[in-house]
Amino acid sequence: MVRIKVNGEFHELEVELDTPLLWVLRDHLNLTGTKYGCGIAQCGACTVHLNGTPSRSCSIPVSGVLQVDIVTIEGLSSDKSHPVQKAWIKEDVPQCGYCQSGQIMAAVALLEKNQNPSDSDIDNAMTNICRCGTYTRIRKAIHSVANVSGSKT
Amino acid sequence: MEKLSRRHFLKSSATVAGGMMISFHIPAQDPSQETMIGPVAPMTTSELNAWLTIDPDNTITIRVAQSEMGQGVLTALPMIIADELEADWRDVRAEHADVNRSIRQAGVYKRMLTGGSGAVRISRPYLQQAGAEAREKLIKAAAETWGVSPQECHADYGKVHHKATRRSVTYGEVAGLAAQLSVANVKIKSPEDFSLIGLPKPRLDTPEKVDGSAIFGMDVRLDNMAYAAVQHCPVLGGRVRSFRFNAIRNMPGVILAVRFDNGIAVVAETWWQANKAAKALPIQWTIGDEGKTHSETFRNEYLAALGTQGTSVLKQGETLPALEVSEKIIESDYLVPYLAHASMEPLNCTAHRTDEGLSLWLGTQDPESALNAASKLAGVAPEKVQLTNCLLGGGFGRRAHTDIVEEAVQIAMEIDRPVQLIWSREEDMRSGRYRPMAAMRFKAGFDLEKQVVAYTNHSVTHSILRDLGAPVDNGIDPTSVEGLSNMPYEFSPKSITHTIKNTHLSSYWWRSVGSSQNAFAMECFIDEMAEAATTDPILFRKQYLANRPDLLEVLEELRQKSDWNKRLPPGTARGVALHECFGTIAAQVAEVSVNNGKADVHRIVSVVNCGNLVNPAIAEAQIESGIIYGLSAALYGKITIEKGRVLEDNFDTYHVIQQSEVPIMETHWLLSGGDKWGGLGEPGLPCVAPAIVNALHKITKRRIRSLPISDYYLQRA
């Protein structure tokens, strides 16, 4: 039995301790907004916040997050009202949309740490893969949250 | 029945009269449906035809027969219908059309395949017709209610108006009656009357994609669902000889194993448990000579095959004597590797065999083939197979195949629970269906005035159609020579030949198909020809396109928009490429420099003529999407074979570009209008590699004739 805190709620679960957090979220808690893309922390589709730090949940065993505040895409807001979600809607960022939960979680963490990220800050923080190629609109949406007009340097 | 979406049950009780339009037959409501779903509340939702329903609160639900995989069909296709319908766009919702209904009702949704950049290109006319027909029914219903002639009424923004008496009624108020009427000889609008087509409307599917609520195939959750993972033979074509289930039987959650010809699926309570057990399962394989192959062997074999005669695809005049008297001859061989699709969402399919039939949930580009394949395997009549087409986490061609469905159904036949099969990323990438490998040889002869006097091309390509069992007995797979056989340059005489050469790998449609490799080789060789003729690459192309004013216009626009003749800093260069596919002309200039041995792509300027645009914002995103997908392939994409095994199995070895590598992208439209409605999902891709490679030549003075570019250590000359 493990006890984890996700989006402010505690859950007690029967689960093997080596199960990656991603699969606990998806298969035990039915929080399917967090996506499986690679399983090796390469693509970022599974990004969640652990005590506010963007983390790749596919490669973190549930045993490592027992004392941690876990926030998933579902926990950002109940009504798509988080400023980053609003920016994503305004810039019409998603195409297939599969990677966007992870992109948004990475962007939220970046903007919480750095309210006015430069293009190179975005390059460094936003290492999530998007195969549809929504990168330009992601950059634009992040800048629009920061309320700074950015240009690629 | 499983928990299907609420809409799945909400079928109208209204009867729709059929057959009012040429080739637009709307069959009557299937009575069997009502027995299946029980009594329906009268007139809650009114179905005006198979494509749309209207609720009393004016909500319009439009069914979309193409699959949403990022390209925007859940927005663009409803815009086409809603424009004719004179709907208030704020009332419009979209959902995937029901393939089971299309199968039961004689193909009511016509083409349900998503591919060939065909959503707008192919379905626009009949979608307009469907919207117009519904509009006329609503007008007729309002007119009947008022006791006036329909000719005195008109529709706009979701209402019908009778101007003379200043009366109006909402669609929701008359939809119930309208659904029972029939109309004939409905005309669609003239383009100048479009009210929605051409506007950059926000995508309807964006809100659900920012909070995790969008349901992709992998997100389907059913009561009592089990999960399955699979271990395929590491060598494609290899077979299971034996396996020891006892070795994993006691691992947590494990339920059973299901044997396929080429692998074993393990079913467990969660996917993590299933995948862990599948990886641990000891399997003995039977592997033939394909286990001795290497990429290097393939390359040598393909290059050797270039020297054979091949099958003639096109012959104009006699090239041999023309080459013999040429003042100068250039000859080059090009080579491209197999490529994986690497959609963000690994392949998956959920299946449940019940007493009533079979239910499937997945994101598929070809729901009809998926349904029929499942029906055949399960021995269940097609009309008893329900398929919920979820959102697709990328498709790029890969999700048209039925392999994942067939495996899921085989598992579902063995267990009395719904099962969700997910291929791990490694299985997804290693298990085949690649963009074909190809080699191409080009030869051109020039006279004393540096005019082209002969042109030959021989391609050796892994045939997709042969892999699919389609007839290619004449030695030509037309999809392999797209862009080569119909190349637009007027070289004469010319000879185009082809050789099919398949390996043990399997190939499949990959974004832009033949154009993805052929535009690279062709447009790079055109640059070599321009160099041989000591002519500017854009001027050289124009010189041989005199009979194609549409291509000339695109090139000229590109010359201007790309600042072609403006100086660049030392070490930076521009390269150009031009290609036409799926009814659309696209030309691109790439601005590139070389840093630390690698290509750095700064800017890609595109000029595109697809005739007309439905939604410019989505269209621009599609061109950029094609560029990014093409850029990953050009810079990094390759599948490598060692001892018959695919080495790249995840994003650490199969590199794709990230945010930091994205160039500035400028897309300019040069729309010729008229009846041209070209596709946009694919045409942004083919020019990327050749434009970059042609620019790199100016910097390095060396020709790159194979991909990916990252195989080369680049140096400024």
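Residues numbered from 1 in each chain as written. Chains lettered and ligands numbered in written order. Predicted model: local features only at pLDDT ≥ 70, side-chain atom pairs only at ≥ 80, totals over all residues. Heavy atoms only, no water.

**Q** Describe in detail the overall build of chain B, supporting the description with residues and values.
**A** Looking only at helices and strands, one finds 18 helices and 27 strands in chain B. Expected size for 717 residues packed as a compact globule is a radius of gyration near 27 Å; at 28 Å, chain B falls within 12% of this value. For the C-alpha atoms alone, the extent of chain B along its principal axes is close to 80 × 75 × 45 Å. Considering only intrachain contacts with a sequence separation of at least 6, the fraction spanning at least 24 residues in chain B is 75%. Just so you have it, chain B exposes about 26200 Å², and 49% of that area is on carbon and sulfur atoms. Across chain B, the 74 positively charged side chains and the 83 negatively charged ones have centroids separated by 3 Å. (Helix = DSSP H or I, 4+ residues; strand = E, 2+ residues; numbered from the N terminus. Rg over C-alpha atoms; globule rule 2.2 N^0.38 Å. Contact = heavy atoms within 4.5 Å. Areas by Shrake-Rupley, 256 points an atom, 1.4 Å probe, with all protein chains shown as cover. Lys, Arg positive; Asp, Glu negative; His and termini not counted. Charge placed at Lys NZ, Arg CZ, Asp CG, Glu CD.)

**Q** Residues and numbers for the overall build of chain A, please.
**A** In terms of regular secondary structure, chain A is built from five helices and five strands. In chain A, the succession of α and β elements from N to C terminus is β-β-α-β-β-β-α-α-α-α. The globule rule puts the C-alpha radius of gyration for 153 residues at 15 Å, and the 15 Å found for chain A is close to it. Across its three principal directions, the C-alpha atoms of chain A cover 50 × 25 × 25 Å. For chain A, the proportion of its 153 residues judged to be buried stands at 59%. Across chain A, every contact between residues at least 6 apart in sequence was considered, and the portion connecting residues at least 24 apart equals 56%. Separation between the mean location of the 14 positive side-chain charges and that of the 15 negative ones in chain A comes to 9 Å. (Buried < 20%, exposed > 50% of the residue type's maximum accessible area, 1.4 Å probe, protein only.)

**Q** Lay out the packing of aromatic side chains in plain terms, naming residues and giving numbers.
**A** In this description, an aromatic ring pair is defined by two values, namely the gap between the centres and the angle between the planes. Residue and element names in this part refer to chain B. Under the criterion given, the structure shown has 19 aromatic pairs over all chains. Ring geometry for W51 versus Y126: centroids 6.0 Å apart, planes at 40°, classification tilted. Here W51 is found in the loop between β1 (46-49) and β2 (52-54), whereas its partner Y126 is found in helix α5 (residues 119-146), with 75 residues between them in sequence. Classification of W51 by relative accessible area gives buried; the value is 2%. Residue Y126 is classed as buried on the basis of its relative accessible area of 15%. Aromatic pair Y489 and F491: ring centres 5.8 Å apart, planes at 15°, arrangement stacked. (Phe/Tyr/Trp six-rings, centres within 6.5 Å; stacked < 30°, edge-to-face > 60°.)

**Q** Give a description of the confidence of the model for chain A that names residues and reports values.
**A** When pLDDT is averaged across chain A, the result is 95; 95% of the residues are at 70 or more. Within the model, the stretch residues 148-153 of chain A combines pLDDT values under 50 with 13 contacts to residues more than four positions away or in other chains. (pLDDT = per-residue confidence, 0-100.)

**Q** How would you explain the sheet that holds strand β4 (residues 53-56) of chain A if you had to name every residue and give the values?
**A** In a beta sheet, neighbouring strands pair by backbone hydrogen bonds and run either parallel or antiparallel. Residue and element names in this part refer to chain A. Judged by pairing direction, the sheet is mixed, and its five strands sit side by side in the order β2-β1-β5-β3-β4 without closing on themselves. Strands with a single pairing partner mark the edges of an open sheet, and in this sheet they are β2 (9-13) and β4. Pairs of neighbouring strands in the sheet enclose a mean axial angle of 40°, with direction left out of account. As defined by bridge partners, strand β3 (residues 47-50) adjoins β4 across four bridges and the pair is classed as antiparallel. Bridge pairing in β4 places V48 opposite S55. (Pairing = 2+ DSSP bridges. Axes fitted to C-alpha atoms, helices over the stretch in contact; angles between N-to-C directions.)

**Q** Just give me the short version of the sheet that holds strand β11 (residues 263-268) of chain B, but keep the residues and values in it.
**A** Residues and elements named next belong to chain B. Pairing in this open sheet of seven strands is mixed, and the strands run β10-β11-β8-β18-β15-β16-β17 from one edge to the other. Pairing within the sheet leaves two strands with one partner each, and these edge strands are β10 (254-259) and β17 (385-389). Ignoring which end each strand starts from, the neighbouring axes of this sheet average 20° apart. As judged from the five bridges shared by β10 and β11, these two strands associate in the antiparallel manner. Within the sheet, the bridge partner assigned to A257 lies in β11 and is V266. Seen against the sheet, helix α11 (residues 403-412) touches β8 (226-232), β10, β11, β15 (348-353), β16 (358-362) and β18 (419-422) and runs at an angle of roughly 35° to β15.

**Q** I'd like a rundown of the domain arrangement of chain B, residues and numbers included.
**A** Residues and elements named next belong to chain B. You can read the domains of chain B as domain 1 (6-206), domain 2 (217-287 + 347-422) and domain 3 (295-339 + 434-711). Taken together, the contact between domain 1 and domain 3 spans 20 residues of the former and 15 residues of the latter. Across the domain 1 to domain 3 interface the summed buried area is about 1300 Å²; carbon plus sulfur atoms make up 65%. The largest per-residue losses of area from domain 1 upon contact with domain 3 belong to S117, R121 and R124, which jointly make up 37% of the total buried on that side. Where domain 1 meets domain 3, there are zero salt bridges. One can count three residue pairs in polar contact (both at pLDDT 80 or more) joining domain 1 with domain 3. Contributions of two or more residues to the side of domain 1 that touches domain 3 are made by α3 (73-85) and α5. Here the element with the most residues in the side of domain 1 that touches domain 3 is α3; it accounts for four residues. Residues of the side of domain 1 that touches domain 3, tallied by class, amount to nine nonpolar, seven polar and four charged. (Domains from an automatic or database assignment. Buried area = accessible area lost by both parts, 1.4 Å probe. Salt bridge = Lys/Arg side-chain N within 4 Å of Asp/Glu carboxyl O. Polar contact = N/O pair within 3.5 Å; in protein donor to acceptor, adjacent residues only side chain to side chain. Nonpolar A, V, L, I, M, F, W, Y, C, P; charged D, E, K, R; others polar.)

**Q** I'd love a proper account of the pattern of salt bridges, names of residues and values included.
**A** Residues and elements named next belong to chain B. A complete count under the given rule lists 54 salt bridges over all chains for this structure. A salt bridge links E345 to R399; its shortest N-O distance comes to 3.3 Å. Here E345 is found in the loop between β14 (328-336) and β15, whereas its partner R399 is found in the loop between β17 and α11, with 54 residues between them in sequence. Its relative accessible area of 1% is what places E345 among the buried residues. Here K561 ties to E557 by a salt bridge, and the two come within 3.8 Å at their closest N and O atoms. One end of the pair, K561, and the other, E557, are both in helix α16 (residues 549-561), four residues apart, so they sit about a helical turn from each other. For K561, a relative accessible area of 34% translates into the label partly exposed.

**Q** Describe the domain arrangement of chain A, with residues and values.
**A** Residues and elements named next belong to chain A. Domains assigned within chain A are domain 1 (2-75) and domain 2 (83-146). Computed over C-alpha atoms, the centres of domain 1 and domain 2 are 21 Å apart. Each side of the interface is counted separately: domain 1 has 16 residues, and domain 2 has twelve residues. For the pair domain 1 and domain 2, the summed buried area comes to about 1100 Å², and 59% of that belongs to carbon and sulfur atoms. Remark: the boundary between domain 1 and domain 2 carries zero salt bridges. Our count for the contact surface shared by domain 1 and domain 2 stands at seven residue pairs in polar contact (both at pLDDT 80 or more).

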